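Here are the chains, one letter per residue:
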Amino acid sequence: MYIFAIESSCDETSAAVIRANDDNIEVLSNIIASQVDTHALYGGVVPEIASRAHCEVISSVSHEAIDKAGISLSDIDAAAVTFAPGLIGPLLVGVNFVKALAYRSGCKIIPVQHIEGHLSAAYIENSSLKPPFLALAVSGGHTSLYKVENYVDFDEIGSTRDDACGEAFDKVGRVMGLPYPGGAAMDKLASEAYTKFDYTKKDALTFPSPAVHDETYDFSFSGLKTAVINHIHNEKQKAKTKDLPYETKCEIAGAFTNAVCSGITKKVSAALKGTGMKALVMAGGVAANSHLRRAVGDMCDSLGVEFVVPSLSLCGDNAAMIAARAYHMYRNKLFGDIELDACASDDGAEEYLDRIKSLARLG
């Protein structure tokens, strides 16, 4: 079967086509039009500008995805779209485009929750991956742990209580004077820091852990972010300059990355032991961070747990992951309809998905 998908929850317009059968997912096309250069001028995503940019390219990237896949519109069995959560304007562009396409072609509509899409990217390159497993979503808007018992349900067992991991990376990077988005630049600085500084020494620079100090599997990145930003401001005052020396930036990036990696591995390790899961999936934009991939991978090795993480090209927002999620929804008859609407929040998404799951069980 062929599934066409659109992802437009933030600042990437993506269209993809997959061919799927018996748990094997083949990506025939995965086109992404990025707006990074546009929003870099403002240091972050401007929703209205993002919405207009999606309108300008969504048709062309869709045509390109279908053409590259070597199929026609009539070959599509289902059209999937990210309907929540995200920026409401960009979401509406994608949802309305897919509804029109599905109405024209007569195919099924499949509404996909964005984070469930990220986690489903793991199925694309790992056909042997099957539930149950533990899943960690780390992105600009989410840092959450899920217990995945089957292909349909994602049971959240831990999350951030304030800022998301990716948001903290970007904000610290911006205050440090790094180019937007700050995640990639922070990764590079941290790599250099580990060759220059010994963070095991007692006098080494350290920051608070984002692991909440209780029995939950929750995170809190707000305190870490504030501590790092305050340290940056203090260093600037000491140096009497608006820009920090390169070596100081490296040291801060390394210490911040250490705090993130140790905090996340602490809670994930506890969740693996608490749930008894023997496999861990990590996905989302921050899953591209080389140090986090290494730290979580090493932790899984020490526990004898299988570690599955998508390739870098599938960590960021893309439509192939939405199509991968849609495949398992299709198999379980979780369909939307022409009344589908976009929703900015997780709560709204959960309510809608619960409804179509109930309809599927009744049908």
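Below is a summary of the structure that appears in this document. (Residues numbered from 1 in each chain as written. Predicted model: local features only at pLDDT ≥ 70, side-chain atom pairs only at ≥ 80, totals over all residues. Heavy atoms only, no water.)

### Examining the sheet that holds strand S2 (residues 12-21)
Thinking step 1. Strand order in the open sheet formed by five strands is S3-S2-S1-S4-S5, and the pairing between neighbours is mixed. Taken across any chain shown, the strands that pair with only one partner, and hence form the sheet edges, are strand S3 (24-34) and strand S5 (108-113). Averaged over neighbouring strand pairs, the angle between their axes works out to 20 degrees when direction is ignored.
Thinking step 2. Bridging between strand S4 (residues 78-84) and S5 involves six bridges; their strand directions are parallel. (Pairing = 2+ DSSP bridges. Helix = DSSP H or I, 4+ residues; strand = E, 2+ residues; numbered from the N terminus. Axes fitted to C-alpha atoms, helices over the stretch in contact; angles between N-to-C directions.)

### Quick look at the sheet that holds strand S7 (residues 143-148)
Thinking step 1. Read across the sheet, five strands follow the order S8-S7-S6-S9-S10 without closing on themselves; strand pairing throughout is mixed. Only two strands of the sheet have a single neighbouring strand rather than two, namely strand S8 (155-159) and strand S10 (306-308). Across the sheet, the axes of successive neighbouring strands diverge by a mean angle of 20 degrees, strand direction being ignored.
Thinking step 2. In the sheet, S7 pairs with S8 via four bridges, with the strands oriented antiparallel. The residue bridging leucine 145 from the neighbouring strand is glycine 158, located in S8.
Thinking step 3. Strands in contact with helix H9 (residues 290-303) are strand S6 (133-138), strand S9 (279-283) and S10; relative to S9, the strand with the most contacts, it is inclined by about 175 degrees. (Contact = heavy atoms within 4.5 Å.)

So far we have only geometry, and geometry alone does not tell us how the molecule works.
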